[in-house]
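Spelled out from the first residue to the last, the chains are:
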Amino acid sequence: MFILKKPAKPHALGEPLLHENHKRPTTRREFLGAGMISAPAMVIAPAWVGALLKSGTANAALSPDIFNLGKDECGVKGAAAAGGLPFIAIDLAGGANLVGSEVLVGQKGNGMTNPQLNFLSTAGYGKLGIPGNMVPTSSAFISTALGIAWHSDGAILRGIMSKATTPATAAGTNGAVFCALSQNDTGNNPHNPIYGIAKAGATGQVVTLIGSQNSASGGNSMAPANEVDATLTPTKIATAADAVGLAGSTATTVDPVNTAILESQARISGGALEGAVGGALSAPAGVTPGVMLSSDPTADAALKKSVRCAYVKTANAADSLTASQLDPTKDTNIIGGATPIFTAADFKDNDVAKTAAVMKLVLGGFAGAGTISLGGYDYHDSTRATGETRNFKAGQMIGAILEYAQRVGSPVMIYVFSDGSLSSSSMIDTSTAGRNKLAWQGDNQSTASTFTLVYSPQGRPQLLSAAQQQIGYFSADGNVVSTSSAAANSVTQLAETAILNYMALKGTSANFQTVFPKQGLGATVSQMALTAFAPIV
């Protein structure tokens, strides 16, 4: 029996969420989860230089020593050589609802059909926020507009479709859901697969990775410890101006003076070739040993190479890129055109500005992969309106990415996760924003899950089988079954599952064990059970 009464006061977008049963926020992650600060976007790059830059085709003006060092030691690639499958992670800080009321989840399947549609009990759906008159046992409450089954009134889905307005966008999209526990309200969940995505082959013409927040992962949640690469650390990108700064100059044409200055910096910093006059960061075997960055000779050499190459790549980028190429405000697909994804008014919102900057860099091929953190998703305030409003906004950011991918003809994998989740009360929020759904009552890690959406300009990505649309499963009463997959009770292995599916989309999943020898997903047969997609690139 559901009780109809006036709900608690909802919280507007941007309004902080402070709960009586939570301690006062003291860390940056806790402030982000409560919505008391926004998360700036970041570029993952060597911290010593601010940005790890990869050039396009070298300009004839680039000095031979810098050109050769870039080509021979630093792996500088042209635009055509940079690539892979663009990847963007959406990190919702605070513990958002992602399934049941959003992406559908079901009980254990029969191995042939989509287990999302092996329905939970009415009480199970109630735990996930769905009142009895909206349970998806009725086809009226199921949408497959994006391939994956979704509750037809899901706020994230509605947000996505408000931005993914071109029919080809939805028609070229598919997804999968990963049923898995994760801790509530903490950044200690190693959710973020960004470093593993780089190891799996994500590359960009300008930077390797972009992320969100000044943290080791570039997001709210941690990255698995065994995947972290000390040479890739967050550099802030919160606005179009920050993205433009990656070109090394705000000039609209290549500036030879700026290029010459950056070449000099590379030489002073030890950028000369082996055997030539070097600086403080020359290779250990060179004429000038220089300072020691690590007591381990192998690590010292690797760190010095990273610093040296960062300067070289900066010079290469300045020689081949202009500011306008990286500026989302100059892209009429994003803003200012006949049918822009965002309006000028939208850009006053920090979440919009950083989403635009990140998707411009990743989907334009300037970055290989990245993370966008959105704050304020710890929304169990005894209303439904707050959660609906914030999930809708998250959906708008996801939809903008999908729509932009369609417009520029680029594939993309989007991975959405949050630190824990929540469960509902028996009270229906009858307000307009509450949409007559059950109010969110409190944190609940047993209802957590993550999902991925994949767009391909070649058409809707194919699954290995319908049964693979959902990895793992729920019990009838609305809880993740912790033994349902290798990822269901290990957030580290959940992140590895996301990486495995990234490699599957690239057609390289056979190399997963080689690239990640410490992985916990088991042998090839076990990995196949965790793989949703057939290759698209």
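### Overview of the overall build of the chain
Then, number 1: Across its full length, the chain holds 15 helices and 14 strands.
Then, number 2: Scored against the burial criterion, the 537 residues of the chain give a buried share of 58%.
Then, number 3: Partitioning the contacts of the chain with sequence separation of at least 6, the portion at a separation of at least 24 is 76%.
Then, number 4: Accessible area for the chain stands at about 19300 Å²; split by element, carbon and sulfur atoms hold 56% of it.

### What about the side chain of His151?
Then, number 1: Residue position: His151 is located in strand 5 (residues 148–151).
Then, number 2: Apart from the residues within four sequence positions on either side, His151 is in contact with Gly100, Ser101, Glu102, Leu104, Ile130, Met134, Pro136, Phe141 and Leu157.

### Re the environment of Lys127
Then, number 1: Inspection of the secondary structure assignment puts Lys127 in helix 3 (residues 122–127).
Then, number 2: A relative accessible area of 22% places Lys127 in the partly exposed class.

### Focus on the pattern of salt bridges
Then, number 1: Taken as a whole, this structure holds twelve salt bridges when the rule is applied.
Then, number 2: Put simply, Asp153 and Arg435 hold a salt bridge, and the shortest N to O gap is 2.7 Å. Residue Asp153 is located in the loop between strand 5 and helix 4 (155–163), and its partner Arg435 is located in the loop between strand 11 (422–429) and strand 12 (437–443); the two are separated by 282 residues in the primary sequence.
Then, number 3: What makes Asp153 buried here is its relative accessible area of 15%.

### Digging into the pairing of strand 10 (residues 412–418)
Then, number 1: Of all the seven residues making up strand 10, seven are buried; the element is thus mostly covered by neighbouring parts of the structure.
Then, number 2: What you see with strand 10 is no split at all: Val412, Ile414, Val416 and Ser418 on one side and Met413, Tyr415 and Phe417 on the other are buried throughout.
Then, number 3: Of the pairings in the sheet, the one linking strand 3 (residues 87–92) to strand 10 comprises six bridges and is parallel in character. Its bridge partner being in strand 10, Ala89 is matched across the sheet by Tyr415.
Then, number 4: As defined by bridge partners, strand 10 adjoins strand 13 (residues 449–455) across five bridges and the pair is classed as antiparallel. Across the sheet, Met413 pairs through a bridge with Val454, a residue of strand 13.

### With respect to the side chain of Gln519
Then, number 1: Tracing the sequence through the fold places Gln519 in the loop between helix 14 (512–515) and helix 15 (524–528).
Then, number 2: Take Gln519: its relative accessible area is 11%, and that puts it in the buried class.
Then, number 3: Not counting residues within four places of it along the chain, the set of residues in contact with Gln519 comprises Glu496, Phe512, Gln513 and Gln527.

### Digging into the packing of aromatic side chains
Then, number 1: All told, the structure shown has seven aromatic pairs when counted by the stated rule.
Then, number 2: A ring pair is formed by Phe87 and Tyr502, whose centres lie 6.0 Å apart and whose planes are at 90°; its orientation type is edge-to-face. Within this pair, whereas Phe87 is found in strand 3, its partner Tyr502 is found in helix 13 (residues 491–506), the two being separated by 415 residues in sequence.
Then, number 3: Owing to a relative accessible area of 0%, Phe87 belongs among the buried residues under this scheme.
Then, number 4: Overall, the relative accessible area of 0% leaves Tyr502 in the buried class.
Then, number 5: Between Phe178 and Tyr415 the ring centres are 6.3 Å apart and the planes differ by 65°, which places this aromatic pair in the edge-to-face class.

Analysis parameters
- Residues numbered from 1 in each chain as written.
- Predicted model: local features only at pLDDT ≥ 70, side-chain atom pairs only at ≥ 80, totals over all residues.
- Heavy atoms only, no water.
- Helix = DSSP H or I, 4+ residues; strand = E, 2+ residues; numbered from the N terminus.
- Buried < 20%, exposed > 50% of the residue type's maximum accessible area, 1.4 Å probe, protein only.
- Contact = heavy atoms within 4.5 Å.
- Areas by Shrake-Rupley, 256 points an atom, 1.4 Å probe, with all protein chains shown as cover.
- Salt bridge = Lys/Arg side-chain N within 4 Å of Asp/Glu carboxyl O.
- Pairing = 2+ DSSP bridges.
- Phe/Tyr/Trp six-rings, centres within 6.5 Å; stacked < 30°, edge-to-face > 60°.

In short, geometric facts, not functional conclusions.
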